[in-house]
Amino acid sequence: MARNEKEESIQIGFREALALILPYFRKKIWIQFRSVIWIVLYLTLFQLLVLRVPIKEAGLITLGIVSVIIGLSFFLEGLFIGLMPLGEALGLKLPQKLGIVSIMVFSILLGMGATLAEPAIAILKACGSKVTPWEAPLLYYLLNEGSDTLYISIATGVGISVLLGMLRFLYGFSLSKVLIPSILLLLGVSIFAYFDENLKYISGLAWDSGAVTTGPVTVPLVVALGIGISKVSEKNEQSSAYGVVTLASLFPILSVFMVGIYFSMQVPKPMLEGEFFQKEIHSTKGKFLLGGKTKEFETNQKTSSVPNTRKKIPKGIGNHIFDAFMIALRAILPLSIFLIVVLYLVLKEKIPYPEEVRLGILFSVIGLTIFNFGIMFGLNQLGDQVGWKLPSTFRSIELTDSTKYIQNFNPKAVFTALNEEGKEEKFFYLKERKSYTEIPYREENWDQSKKVYEFTPIHGPIFGKEDNLLGYGIVLVFAFVLGYSATLAEPALSALGNAVEETTVGTFRKSLLIQSVAIGVGFGTLIGILKIILEIPIVWILVPVYLFLLILNRLSKPEFIEIAWDSAGVTTGPITVPLVIAMGLGIGNQLGTTDGFGILACASAFPILTVLVMGILVENSRKLSLDDSEQKQK
């Protein structure tokens, strides 16, 4: 609806403004609260009731989760009123005023800028401290010293995806013409990586990167641009914007592999910890791998050998807030300036509703700052804690975050007992409040000079003996329910369901799509956690699954193909990505698995499978109904 620019402005006082704004924001915050609270409650109750371990630093985690909810509300609102109108306006004007080469360049830059602004991408850097440099040097490098290169490579992959998506909108070619060769290329690179010592450990990261990119910035902005371009394209007969999300999740995988291949020769090969500290840490490759952390590793080798996951906690919240603000500023401002410059200076168009756009950009920066802070202290911590303790259902684990240091320890308090095999075991009693706990005694934990005894509690196995099947089964059920319930909470899936029901004229109902996707994600999460527990190479899972998907593509209608492949992208939102990645790395660290990535990749592949199967069943059912109807008419 056109606006009357001559309309007189209305002066509103501060209280009246608050009375108008607060109910609106309350509604927005409530929407985010509903999407976050169920998965947070599920993880919290599982840890408390099933794993029987208290939540460490629960107050800080609660503050972090509240920050995530408020930050996401602000950020999405800012995106809606600030960046989205710019994206759609550019999509409408670009084909009218610029040539194909300019559109291609713009699409690449837009895809890169949107990816760097994705809230979930920051979680990759936070995961860097959970990888040890000697076990997976290339993975360590890409998540630490090479993290900026990793970001740029992921962003470049999305940029190329957006370029292909826009060309598809302009010329109207089918998704399969890009999809099939891309998948075959990715599978080929994955198989090649499997036989390389360094590259095989980044395969999970590469495939997970595809899921990280399809978040709340990239998807709506790219779809808005695509809709704008498709409206003015004469060769495009498609009415939907399906397919572009799929492409945006494929090419980042390839670009991460390419970067990995480039750096694989510059870092050492995987080796034992002792060998790394004796020789490799002083070599050229070792110094390249550690970069600015070289001295830290050299001067404190014992400390650095302990997985950093369990080392706590923030040294200054103020510094972390400033860091979160700078990350948000670097993500939002370049993208905003780029869109405005192209619209105003290149296309010579006025900025639509400039006051709202400025307010939207401000909201985006504030929201992303609060969200980043919440990720550091809320979701990341919670996911890590649950993942770290999850194996206690089937195996004994050390609760390293509950380590105690007993001051003025006296060895005379140690007792000796005999076990069933007649061997001596030493122990002592520790009084905590009004109860006495029996603690096993190990001489290596006794620091005689400081008179301090270090004790790390052992927890589990909760449901039987070591490696009992019931414990494994509970972990797998937990994984399925986590994936299933988290998917139901994704607001983007509901929006996709509405669009699909409308496009298929009710043939593919919204509820059917949501259930198909949720079951697929649940099963994918289960397989992903099983991959980490059993150390299954991800190529063994993804190659057969994707080959089967390509076969199903041949049996499916084009409309169902696009819906199925896009449905994988909408399942990995800004809430599930940090939680699942932190949890996967937590499980991996606890079990000594080098590569804790891959859950997101599995959770993205299996919903494609379930939706394609459901699409074939729906189509067959429709044909049977038509045949029955024709026979009755005869």
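Our subject in this report is the structure included herewith.

What counts and how
Residues numbered from 1 in each chain as written. Predicted model: local features only at pLDDT ≥ 70, side-chain atom pairs only at ≥ 80, totals over all residues. Heavy atoms only, no water. Helix = DSSP H or I, 4+ residues; strand = E, 2+ residues; numbered from the N terminus. Rg over C-alpha atoms; globule rule 2.2 N^0.38 Å. Contact = heavy atoms within 4.5 Å. Areas by Shrake-Rupley, 256 points an atom, 1.4 Å probe, with all protein chains shown as cover. Lys, Arg positive; Asp, Glu negative; His and termini not counted. Charge placed at Lys NZ, Arg CZ, Asp CG, Glu CD. Pairing = 2+ DSSP bridges. Axes fitted to C-alpha atoms, helices over the stretch in contact; angles between N-to-C directions. Phe/Tyr/Trp six-rings, centres within 6.5 Å; stacked < 30°, edge-to-face > 60°. Buried < 20%, exposed > 50% of the residue type's maximum accessible area, 1.4 Å probe, protein only. Parallel < 35°, antiparallel > 145°, perpendicular 65-115°, else oblique. Nonpolar A, V, L, I, M, F, W, Y, C, P; charged D, E, K, R; others polar. Expected span 1.5 Å × (residues − 1). 1 Å grid on protein atoms, 1.4 Å probe; cavity = no way out; pocket = protein on both sides within 12 Å on 5 of 7 lines; lining within 4 Å. Points joined across faces, edges and corners; volume = space filled by probe spheres on them.

### Focus on the overall build of the protein
Next up, step 1: Scanning the protein from N- to C-terminus turns up 23 helices and eight strands.
Next up, step 2: Here the protein has a C-alpha radius of gyration of 27 Å; the compact-globule value for 634 residues is 26 Å, and the two agree.
Next up, step 3: Along the first, second and third principal axes, the C-alpha atoms of the protein reach 90 × 70 × 55 Å.
Next up, step 4: A separation threshold of at least 6 residues defines the contact pool for the protein, and within that pool the share at least 24 residues apart is 82%.
Next up, step 5: If you sum the accessible surface of the protein, you get close to 29,700 Å²; carbon and sulfur atoms cover 61% of it.
Next up, step 6: Within the protein, the 52 negative side-chain charges are centred at a point lying 3 Å from the centre of the 55 positive side-chain charges.

### Overview of the sheet that holds strand β4 (residues 424-432)
Next up, step 1: Within the open sheet, the three strands sit side by side as β3-β4-β5. Their pairing is antiparallel. One side of each edge strand has no neighbouring strand; the edge strands of this open sheet are β3 (415-418) and β5 (435-440). The average undirected angle you get between the axes of adjacent strands in this sheet is 40°.
Next up, step 2: Relative to β5, β4 is paired through six bridges, and the arrangement is antiparallel. Each residue of the ladder has a partner; that of L430, found in β5, is T437.

### Some remarks on the packing of aromatic side chains
Next up, step 1: A complete count under the given rule lists 29 aromatic pairs for this structure.
Next up, step 2: Centroid distance Y441 to Y453: 5.4 Å. Interplanar angle 20°. Geometry classified as stacked. Placement of the pair is Y441 in the loop between β5 and β6 (446-447) and Y453 in strand β7 (residues 452-455), with a sequence separation of 12 residues. Here Y441 and Y453 have matching classes, each one buried.
Next up, step 3: Between F523 and F606, the ring centres sit 5.2 Å apart and the planes meet at 80°, which makes this aromatic pair edge-to-face. Remark: F606 occurs in helix α23 (residues 599-633) and F523 occurs in helix α19 (residues 510-533); sequence separation between them is 83 residues.

### Quick look at the packing of helix α2 (residues 58-97) against helix α15 (residues 317-346)
Next up, step 1: With their axes 10 Å apart at the nearest point, α2 and α15 run at an angle of 10° to one another. Relative to α15, the element α2 is oriented roughly parallel. Contacts between α2 and α15 pair L60, F75, L83, L86, A89 and L90 from the former with I317, I332, L335, S336, L339, I340, V342 and L343 from the latter.
Next up, step 2: For the contact of α2 with α15, the per-class residue count stands at 13 nonpolar, one polar and no charged.

### Focus: the environment of G91
Next up, step 1: Checked against the element boundaries, G91 lands in helix α2.
Next up, step 2: Residue classification places G91 among the buried residues on the basis of a relative accessible area of 0%.
Next up, step 3: Through-space distance from the C-alpha of G91 to that of L221 is 9.9 Å; in sequence the pair is 130 residues apart.
Next up, step 4: Once residues lying within four places of it in the same chain are set aside, the contact partners of G91 are L225, G228 and I229.

### Details of helix α6 (residues 147-171)
Next up, step 1: For α6, which comprises 25 residues, the first-to-last C-alpha distance of 36 Å matches the rise-based estimate of 36 Å (1.5 Å per residue) to within 8%.
Next up, step 2: The element α6 is largely enclosed, with a buried count of 18 among its 25 residues.
Next up, step 3: Among the residues trailing α6, G172 stands out with phi positive, at a value near 70°.

### Let's talk about the pairing of β7
Next up, step 1: In this sheet, β7 lies alongside strand β2 (residues 404-407) in antiparallel orientation, the contact comprising four bridges. Residue pairing for β7: Y405 is matched across the bridge by E454.
Next up, step 2: Note that β6 and β7 share two bridges and pair antiparallel. Following the sheet pairing, D447 is matched in β7 by V452.
Next up, step 3: In sequence, β6 turns back onto β7 through a hairpin of four residues, with K451 there showing a positive phi of about 55°.

### Quick word on empty space enclosed by the protein
Next up, step 1: Tallied over the full model, the rule gives four cavities of 30 Å³ or more.
Next up, step 2: If you add up the space inside the largest cavity, you get close to 160 Å³.
Next up, step 3: G210, S249, Y546, A568 and S604 are, among the 17 residues lining the largest cavity, the residues nearest its centre.
Next up, step 4: Residue assignment for the lining of the largest cavity shows that the elements contributing at least two residues are α8 (203-213), α10 (244-263), α21 (558-569) and α23.
Next up, step 5: The biggest single contributor to the lining of the largest cavity is α10, with five residues.
Next up, step 6: Considering only residue class, the lining of the largest cavity consists of 10 nonpolar, seven polar and no charged.

### Here we look at helix α22 (residues 576-591)
Each full turn of the α-helix corresponds to 3.6 residues, which orients residues three or four apart in the same direction.
Next up, step 1: An ideal rise of 1.5 Å per residue puts 22 Å on 16 residues; α22 measures up with 22 Å between its terminal C-alpha atoms.
Next up, step 2: Counting buried residues along α22, 16 of its 16 residues qualify, which places the element largely inside the surrounding structure.
Next up, step 3: Of the residues flanking the end of α22, it is G592, one or two places downstream, whose phi is positive at about 75°.

### With respect to unusual backbone geometry
Next up, step 1: The phi angle at R52 is positive, at roughly 60°, despite the residue not being glycine.
Next up, step 2: Among the structural elements, R52 can be located in the loop between α1 (14-50) and α2.
Next up, step 3: One non-glycine residue with positive phi stands out, namely D467, at about 55°.
Next up, step 4: Within the element layout of this structure, D467 appears in the loop between β8 (458-459) and α17 (469-488).

In short, shape yes, function no, at least from these values alone.
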